[in-house]
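Examining the three-dimensional arrangement
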Amino acid sequence: YSTKMSNAKTKSKKIAKVSMVSYSSGKNRNHNLYLCCKKINGTILRPGETFNWFRVVGPASASRGYRKATIFIGKNKKGEGYGGGVCQVSSTLYQAALETGCRVIERHEHSQPVSYCKKGKDATVTYGVNNLIFKNTNNFSIKLVTYSEAGRTTCEVHRIGD
């Protein structure tokens, strides 16, 4: 379970930062990256709590503001779909979670290579099918800080408290 941080000042220290740049960008894709980061930004995980992509981000649909951009279809096709590009955010978040010692419970690789990270370092998400779930196994709370600008997605993980 994850919560959003209130506006109250909380002492924090950055313990991880991962950035990824896609070589295939576009206005719609960049918009989807921004929306996705906005949903995750400020999420707090206390010790023992899990981050669940489906619960925090939810489905990428037109009614939720997502736009059509390139997605993978199977092992060798590409097409257009709502939320195209959000896997860059999930992959960035996955790598940041690994850097902070979180335990990955569920994660899936793409069916094709992606331009923004090496094979085996990615995390695809498809609502209702492929989720990204990790657990804060640290003895302190963490805050996820996510943002995207011009095709570059960044995830910082901050230790909060003490």
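Attention here is on the structure that accompanies the text. (Residues numbered from 1 in each chain as written. Predicted model: local features only at pLDDT ≥ 70, side-chain atom pairs only at ≥ 80, totals over all residues. Heavy atoms only, no water.)

1. Observations concerning the overall build of the protein
Regarding its fold elements, the protein presents three helices and 10 strands. Listing each helix as α and each strand as β along the protein from the N terminus yields β-β-α-β-β-α-β-β-α-β-β-β-β. For 162 residues, the compact-globule formula gives about 15 Å, and the C-alpha radius of gyration of the protein, at 15 Å, lands near that figure. For the protein, the C-alpha atoms occupy an extent of roughly 50 × 30 × 25 Å along the three principal directions. In the protein, which comprises 162 residues, the proportion classed as buried is 49%. Long-range pairs, those at least 24 residues apart, make up 72% of the contacts in the protein with a sequence separation of at least 6. Approximately 8,600 Å² of the protein is accessible, and the part contributed by carbon and sulfur atoms is 48%. With 27 positive and 9 negative side-chain charges, the protein shows a spacing of 3 Å between the two charge centroids. (Helix = DSSP H or I, 4+ residues; strand = E, 2+ residues; numbered from the N terminus. Rg over C-alpha atoms; globule rule 2.2 N^0.38 Å. Buried < 20%, exposed > 50% of the residue type's maximum accessible area, 1.4 Å probe, protein only. Contact = heavy atoms within 4.5 Å. Areas by Shrake-Rupley, 256 points an atom, 1.4 Å probe, with all protein chains shown as cover. Lys, Arg positive; Asp, Glu negative; His and termini not counted. Charge placed at Lys NZ, Arg CZ, Asp CG, Glu CD.)

2. Concerning unusual backbone geometry
Despite not being glycine, A150 has its phi angle at roughly 50°, a positive value. Inspection of the secondary structure puts A150 in the loop between β9 (141-149) and β10 (152-160).

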